[in-house]
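The primary structure of each chain is shown beneath.
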Amino acid sequence: MIKLTKEPINTEVILQNLEDKSTGGVVLFLGRVRDHANNKAVTKMDYDAYPKMAEGKLAEVEAETQKRWPVKKIIIVHRYGSLELGDVSVAVAVACAHRKDAFEACRFAIDTLKATVPIWKKEYFKEGSGWVDGVMPTMKQAGDKTTLQ
Amino acid sequence: MNITLRFFGQLRELTGKQEHEMTVKDNILIEDLEWLLGQRFPQIKEHLETSSFSINEEYVSRNAKVNAGDIVGILPPISGGAE
């Protein structure tokens, strides 16, 4: 399940939705708004997104992760809009039969998300603000049969 | 033909536009559209080189063709996820 939302991310609900008696390993990764960047105090963070495209790319991350690991359940949620310090901006939760697969699949999903999903961060400091240096997305074009890196 | 441009992040701020209708020659290539955008919006010219493009919500390369009615996204380097 994937979701792009402006609402706060509820980790309890995510864990409830991962319930599956065949899974012995559950990994939940949370990304939160940090209070500093490059030795400067951050006061809040805005996230801009291309919603329809971001949902499509999140679904690709989900599908690719399921293809590579024996994932029983996977939930990826990314928040956008205006976030305060400590707010959860992204959650990736994976349930597998064994922990090794769960850790690896979760790591792959968050790293691939970062390289492919069109979302942009703007940091606010005590004085001024600035868009966070990003990465050129890993291209996976329409009709392209190659898998994500 | 008419196409719709969508700007995001810093590009949206610099152009002051989220969406912009534009008339271009038929079957224009993304690389030619990139040049046109640099002329039309000089304030983002230096950012276009490091930007990516999408057509109808899929990433495309500079040699992709744009069709009438397409929605072209101009996407600065992405920074979602978490460090």
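Before any of the text, the structure's been laid out above.
Residues numbered from 1 in each chain as written. Chains lettered and ligands numbered in written order. Predicted model: local features only at pLDDT ≥ 70, side-chain atom pairs only at ≥ 80, totals over all residues.

**Q** I'm lost on the interface of chain B and chain A in this one. Help?
**A** Often, the extent of an interface is quoted as the loss of accessible area on bringing the components together. At the junction of the two partners, chain B supplies 21 residues and chain A supplies 28 residues. Looking at the side of chain B that touches chain A, the elements with two or more residues in it are helix H1 (9-15), strand S3 (52-55), strand S4 (58-60) and strand S5 (71-75) of chain B. Classifying every residue of the side of chain B that touches chain A gives eight nonpolar, ten polar and three charged. (Contact = placed C-beta atoms within 7 Å. Helix = DSSP H or I, 4+ residues; strand = E, 2+ residues; numbered from the N terminus. Nonpolar A, V, L, I, M, F, W, Y, C, P; charged D, E, K, R; others polar.)

**Q** What is the right way to read helix H2 (residues 51-68) of chain A from this model?
**A** Spacing of three or four residues puts side chains on the same side of an α-helix, whose turn is 3.6 residues. Taking 1.5 Å as the rise per residue, H2(A) with 18 residues should run 26 Å; its terminal C-alpha atoms sit 26 Å apart, in good agreement. Residues of H2(A) that are buried include every one of Met53(A), Ala54(A), Lys57(A), Leu58(A), Val61(A), Glu62(A) and Thr65(A), and no others. (Expected span 1.5 Å × (residues − 1). Buried ≥ 20, exposed ≤ 12 C-beta atoms within 10 Å, placed from the backbone.)

**Q** Please clarify how the pairing of strand S5 (residues 71-79) of chain A should be interpreted in this entry.
**A** Consecutive residues of a regular strand have side chains that alternate between opposite faces of the sheet. Residue and element names in this part refer to chain A. Of all nine residues in S5, seven are buried, a share of seventy percent or more. Two elements, strand S1 (residues 2-5) and S5, share four bridges in a ladder whose sense is parallel. Bridge pairing links lysine 3 to valine 77 in S5. As judged from the seven bridges shared by S5 and strand S7 (residues 88-96), these two strands associate in the antiparallel manner. Looking across to S7, one finds that valine 77 is bridged to alanine 91. (Pairing = 2+ DSSP bridges.)

**Q** How should the environment of Gly130(A) be read in this particular structure?
**A** Looking at where Gly130(A) falls in the secondary structure, it is placed in strand S9 (residues 129-131). Placed 100 residues apart in sequence, Gly130(A) and Leu30(A) show a C-alpha to C-alpha distance of 23 Å.

**Q** How do you make sense of the pairing of S3(B) when you look at a structure like this?
**A** All names here are of chain B. Bridge analysis of S3 against S5 gives four bridges, and the strand direction is antiparallel. The residue bridging phenylalanine 53 from the neighbouring strand is isoleucine 74, located in S5. Taken together, the three bridges between S3 and S4 define a ladder with antiparallel strand orientation. Directly across from isoleucine 55, in S4, lies its bridge partner glutamate 58.

**Q** I would appreciate a short explanation of the sheet that holds strand S2 (residues 25-32) of chain A in the present structure.
**A** Adjacent strands of a sheet form backbone hydrogen bonds with each other and so pair up, either parallel or antiparallel. Residue and element names in this part refer to chain A. Pairing in this open sheet of four strands is mixed, and the strands run S1-S5-S7-S2 from one edge to the other. Each of the sheet's edge strands pairs with one partner strand only, and the pair in question is S1 and S2. On average, each strand axis in the sheet is tilted by 5° relative to the strand beside it, whichever way the strands run. Packing against the sheet, H2 makes contact with S1 and S5, and its axis sits at approximately 155° to S5. On top of the sheet, helix H3 (residues 99-116) reaches S2, S5 and S7; it is set at about 145° to S7, its chief contact. (Axes fitted to C-alpha atoms, helices over the stretch in contact; angles between N-to-C directions.)

**Q** Before we go on, may I ask you to explain unusual backbone geometry in this structure?
**A** The bulk of non-glycine residues show a negative phi, and the bulk of peptide bonds are trans. Phi at Asn38(A) takes a positive value of approximately 50°, unusual for a residue other than glycine. Of note, Asn38(A) is situated in the loop between strand S3 (36-37) and strand S4 (40-49). Backbone geometry places Glu57(B), a non-glycine residue, at a positive phi of 70°. By secondary structure assignment, the location of Glu57(B) is in the loop between S3 and S4. Judged by C-beta crowding, with 18 C-beta atoms within 10 Å, Glu57(B) ranks as partly exposed.

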